[in-house]
Amino acid sequence: MRRLLTLAVLASVLFVVAPQALDAQIPNASFETWTTAIPGLASMPTGWTSGYFGISKSSTAHTGSAAVQGLTQDFGLGDILPAAITCWFPTNQRHAKLQGWYQLNSVGNDELVVAFILYNNKFPVAAGESTFVGTGTGYVQFTVNIDQDYISGDAPDTGYVLITSDGPGSAAPHAGT
């Protein structure tokens, strides 16, 4: 049976993420729990990973008290690094879509990208990716649909979520998104 996962994503002058899962399969989906990843330098939402650049905790959340905020940064010499956060989680359901909320203030028409991939024994069985644009201060609901036809008939055993920013089209992202 195909099921629905919900992820709330908030993105502001950067992107801020505050997911929550209906099935509670995505660990720490509300981003309420944080762990010190690098003492004195960085903390990460428990169960999620990142390169630690541009990721921080925000109190601007769709629900609850916390969200993940990402900021695309310019490290000089033309090295612009978009913030990205990922999560791997066990699942045994053939999800049809991932839904959530985002808030985005983009620079230069940068986009918020959310990818959702389901695996069985390390091989993809289904995937969906969507890009979202916009500026503003309120939350907007989003949906990432899983392709109508699963790549295989296998039930997934693992799910993967990627949330990042990207430039418009194939362009590089802009610092400040």
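Our subject is the structure that appears above.
### What to know about unusual backbone geometry
(1) Moving on: The phi angle at F31 is positive, at roughly 55°, despite the residue not being glycine.
(2) Moving on: Its location among the elements puts F31 in the loop between β3 (15-17) and β4 (34-38).
(3) Moving on: Exposure remark for F31: the relative accessible area of 0% places this residue in the buried category.
(4) Moving on: In the Ramachandran plot, N121 falls in the positive-phi region, its phi being about 50° despite a non-glycine side chain.
(5) Moving on: Residue placement: N121 occurs in the loop between β13 (111-120) and β14 (123-132).

### Regarding the packing of aromatic side chains
(1) Moving on: Using the criterion set out here, one finds six aromatic pairs in the structure.
(2) Moving on: Taking the centre distance of 5.3 Å and the plane angle of 40° together, the rings of W88 and Y119 count as tilted. Within this pair, whereas W88 is found in strand β11 (residues 84-90), its partner Y119 is found in strand β13, the two being separated by 31 residues in sequence.
(3) Moving on: Residue W88 is classed as partly exposed on the basis of its relative accessible area, which comes to 49%.
(4) Moving on: Judged by its relative accessible area of 15%, Y119 falls in the buried class.
(5) Moving on: On the numbers, 4.4 Å between centres and 45° between planes, the contact of W88 with Y160 is tilted. Of this pair, W88 sits in strand β11 while Y160 is found in strand β16 (residues 158-166), placing the two residues 72 residues apart along the sequence.
(6) Moving on: Exposure remark for Y160: the relative accessible area of 14% places this residue in the buried category.
(7) Moving on: Aromatic ring contacts, followed pair by pair, group W88, Y119 and Y160 into a single cluster.

### Section: the nonpolar core
(1) Moving on: Of all hydrophobic cores here, the largest spans 29 residues; its most connected members are I26, W48, V114, F116 and V161.
(2) Moving on: Residue assignment for this core shows that the elements contributing at least two residues are β11, β12 (97-102), β13, β14, β15 (140-145) and β16.
(3) Moving on: The element contributing the most residues to this core is β13, with four residues.

### Brief notes about the sheet that holds strand β6 (residues 49-50)
(1) Moving on: An order of β6-β11-β16-β13-β14 is seen for the five strands of this open sheet, with the pairing classed as antiparallel. The open sheet terminates on both sides in strands that have one partner only, identified here as β6 and β14.
(2) Moving on: Two elements, β11 and β16, share seven bridges in a ladder whose sense is antiparallel. In the sheet register, C87 faces β16, and the bridge partner there is V161.

### A word on the environment of V107
(1) Moving on: With respect to the element layout, V107 can be found in the loop between β12 and β13.
(2) Moving on: Distance from V107 to G176, taken between C-alpha atoms, is 6.4 Å for residues 69 residues apart in sequence.
(3) Moving on: Excluding its chain neighbours within four sequence positions, the residues that come into contact with V107 are H174, A175, G176 and T177.

### Quick word on the pairing of β13
(1) Moving on: Of all the 10 residues making up β13, nine are buried; the element is thus mostly covered by neighbouring parts of the structure.
(2) Moving on: Of the strand pairs in this sheet, β13 and β16 are connected by nine bridges, and their pairing is antiparallel. From the neighbouring strand, F116 faces β16, where its bridge partner is V161.
(3) Moving on: Two elements, β13 and β14, share nine bridges in a ladder whose sense is antiparallel. Bridge pairing in β14 places I117 opposite A127.
(4) Moving on: Between the antiparallel neighbours β13 and β14 lie two residues, among them N121 with a positive phi of about 50°.

About the cut-offs
- Residues numbered from 1 in each chain as written.
- Predicted model: local features only at pLDDT ≥ 70, side-chain atom pairs only at ≥ 80, totals over all residues.
- Heavy atoms only, no water.
- Helix = DSSP H or I, 4+ residues; strand = E, 2+ residues; numbered from the N terminus.
- Buried < 20%, exposed > 50% of the residue type's maximum accessible area, 1.4 Å probe, protein only.
- Phe/Tyr/Trp six-rings, centres within 6.5 Å; stacked < 30°, edge-to-face > 60°.
- Core = buried A, V, L, I, M, F, W, Y, C linked by side-chain atoms within 4.5 Å.
- Pairing = 2+ DSSP bridges.
- Contact = heavy atoms within 4.5 Å.

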